[in-house]
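Next come the chains, spelled out residue by residue.
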Amino acid sequence: MVTTPATPLEAELLDLAGSVPDPELPVLTLRELGVVRAVHLRDTDAVEVELTPTYTGCPAIEAMSVDIERILLDHGMRQVTVRTVLTPAWSTDDITDEGRRKLHESGIAPPRVRHGSGPVPLTLAPPRTHTRTSEARETPGTPGTPGDANSTTTSDAFDTPDKSNTSHTADAPSASIRCPHCGSADTELLSRFSSTACKALRRCLACREPFDHFKEL
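Residues numbered from 1 in each chain as written. Predicted model: local features only at pLDDT ≥ 70, side-chain atom pairs only at ≥ 80, totals over all residues. Heavy atoms only, no water.

Do not read the predicted coordinates in detail wherever pLDDT is low. When pLDDT is averaged along the chain, the result is 79, and 72% of the positions lie at 70 or above. The secondary structure element of the chain with the lowest average pLDDT is strand S1 (residues 36-43), at 94, and the one with the highest is helix H2 (residues 30-33), at 98. Segment residues 129-175: pLDDT under 50, and 76 contacts once partners within four positions in sequence are set aside and those in other chains are kept. (pLDDT = per-residue confidence, 0-100. Helix = DSSP H or I, 4+ residues; strand = E, 2+ residues; numbered from the N terminus. Contact = heavy atoms within 4.5 Å.)

In structure tokens form, the structure reads like this:
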């Protein structure tokens, strides 16, 4: 939640602070990420910036603060104080529409919009609930062996009763996580953590390309 600047100079300084690229996701600015909350003038050339990390203990917060200080000092401020604000907590809903568009264009599936506030429900499920094995595990000569006259394709332990195999679903909400490369919703979870803690690694089952998903928070 960004606080409306009280003066034109505060608005200008807020734009400058928000123009700093995120150190972990340089495709986004801090404004697009939604972590710069407010700028307050404490004197004619002294300013305080409120910065909310994406999660407590985020390792990028120090780099963000240094970059904000640098750009505002270069703009003529004598003193810049960056204060970490934890309330209200940051949410992926704070990412702007422009930020979501840039994530998608860079090959990262943007987080789904949650709306509202309060606890975030967690759904624990196998990473893929419907799949077929590429080969049977029986020994040669037994029913179900590839190439055997009675051969059939088997499903794994998470197979559903429907054997049509027309849809592969990853974890419970995966149907709305679309591949940023081809747009398919037919994706699976490979790892709950990717290059950063805020992203998960997924793979598209249509174009077979792996991609990052910015997890909802």
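That covers the picture; the talk isn't over yet.
Glancing now at the packing of aromatic side chains. A full pass over the atoms with the stated rule returns one aromatic pair. For the pair Trp90 and Phe214, a centre-to-centre distance of 6.3 Å together with 50° between the ring planes defines the contact as tilted. Highlighted residues: Trp90 in the loop between strand S3 (79-84) and helix H4 (97-105) and Phe214 in strand S7 (residues 210-214), separated in sequence by 124 residues. Classification of Phe214 by relative accessible area gives buried; the value is 1%. (Phe/Tyr/Trp six-rings, centres within 6.5 Å; stacked < 30°, edge-to-face > 60°. Buried < 20%, exposed > 50% of the residue type's maximum accessible area, 1.4 Å probe, protein only.)

Structurally, Arg208 is set in the loop between strand S6 (199-204) and S7. With 29 residues separating them along the chain, Arg208 and Cys179 place their C-alpha atoms 9.7 Å apart.

This paragraph deals with the packing of helix H1 (residues 8-18) against helix H3 (residues 61-74). One way to put it is that H1 packs onto H3 with a least axis distance of 9 Å and a crossing angle of 135°. The pairing of H1 with H3 is recorded here as oblique in orientation. Judged by the sense of rotation from one axis to the other, the crossing of H1 with H3 is right-handed. Residues Leu13, Leu16 and Ala17 of H1 pack against Ile68, Ile71 and Leu72 of H3. Tallied by class, the residues present in the contact of H1 with H3 amount to six nonpolar, no polar and no charged. (Axes fitted to C-alpha atoms, helices over the stretch in contact; angles between N-to-C directions. Parallel < 35°, antiparallel > 145°, perpendicular 65-115°, else oblique. Left-handed = near helix turned anticlockwise from the far one by under 90°. Nonpolar A, V, L, I, M, F, W, Y, C, P; charged D, E, K, R; others polar.)

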